[in-house]
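Structural features, examined
The chain contents come next:
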Amino acid sequence: IDADTNIPGNAISSNHLAVVGIAGQFDTSPPYTWWYQVQPRAMSDITFLGPTDVPAAAGLGAARLWPGAPNPFSGTAEIQYEVPASPTGAEALHVRLRVFDLIGRAVATLVDGPVPPGVHSAKLDRSALEGHGSGIFFYRLEVSGVVLTRKLAMIRP
């Protein structure tokens, strides 16, 4: 949310949000990929989202998966995730981050290998989804038996 955008009387958030409102697109020249605006009607139209977090297997911290941003996206989306520390003291855990279409087919693999503990991000580029039109995709994080899933919408200009 831009610093000059607010609902009068309410603080500007730097958290992830789900907003219901009226959408508009103000780009006046092709390829029409900039200047989108969502105007909530009231504060009740805004839901503040935390990361999805699920306790990992015994002895591990929590694996977390944040909402992809921007969502919807037309070029590139960033997906942040957290890998917990291993109870054995291993420096890295095997992480798999994949993207699935609506019928459950894996259409892209963003991460598949050892990743050290901490917060990381992966980029999902539209070119990784060639052959797929606009629509809803699910991204799934697998870390030490924990599986977290979120959805992401892709729009084509």
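All of the points below concern the structure found in this document. Remember, predicted model here, so these are calculated numbers, not experimental data. Along every chain, residues carry numbers that run from 1 in the direction the sequence is written. Thresholds applied to this predicted model are a pLDDT of at least 70 for local features of residues and 80 or more for the giving and counting of side-chain atom pairs; totals over whole chains, interfaces and linings are not thresholded and use all residues. Working from all heavy atoms in the structure, the side-chain values ignore hydrogens and water.

**As for the overall build of the chain**
Here is the rule: By the criteria applied, helices consist of DSSP H or I runs no shorter than four residues and strands consist of E runs no shorter than two, each listed in order from the N terminus. Only heavy atoms matter for contacts: two residues are in contact if any of them lie within 4.5 Å across the pair. Throughout, the Shrake-Rupley method with a 1.4 Å probe supplies accessible areas, and for residues the shown protein chains are the sole cover considered.
The number of helices and strands found in the chain is zero helices and 12 strands. Secondary structure of the chain in N-to-C order comes out as β-β-β-β-β-β-β-β-β-β-β-β. The contacts of the chain with a sequence gap of at least 6 include a subset with a gap of at least 24, amounting to 54%. Put simply, the chain shows about 9300 Å² of open surface, and 55% of that area lies on carbon and sulfur atoms.

**Quick look at a nonpolar patch on the surface**
What counts, and what does not: Within the patch definition used here, like charges are joined within 9 Å and nonpolar side chains (Val, Leu, Ile, Met, Phe, Trp, Tyr) within 5 Å, considering only residues with over 30% relative accessible area and no salt bridge. Criterion for a salt bridge: a side-chain nitrogen of Lys or Arg within 4 Å of a carboxyl oxygen of Asp or Glu. Accessibility here uses a 1.4 Å probe with only protein chains present; expressed as a share of the type maximum, an area under 20% marks a residue as buried, one over 50% as exposed, and anything in between as partly exposed.
A cluster of nonpolar residues, Leu-102, Ile-103 and Ile-136, forms a patch on the protein surface that exposes about 310 Å² of accessible area. Under the relative-accessibility criterion, Ile-103 is labelled exposed at 66%.

**So, the environment of Val-111**
Summarising the element assignment, Val-111 is placed in strand β9 (residues 106-115). Once residues within four sequence positions are removed from consideration, Val-111 is found in contact with Tyr-81, Val-95, Arg-96, Leu-97 and Ala-122.

**Here we look at the pattern of salt bridges**
Scanning all chains against the criterion turns up six salt bridges. The salt bridge involving Glu-82 is made with Arg-64; its shortest N-O contact spans 3.0 Å. In this pair, Glu-82 is assigned in strand β7 (residues 76-83) and Arg-64 in strand β6 (residues 62-65), connecting sequence segments 18 residues apart. Arg-105 serves as the salt-bridge partner of Asp-101, at 2.7 Å between the closest nitrogen and oxygen. The class of Arg-105 is partly exposed, set by a relative accessible area of 48%. Shared partners join several salt bridges into a network, and the residues in it are Arg-98, Arg-140 and Glu-142.

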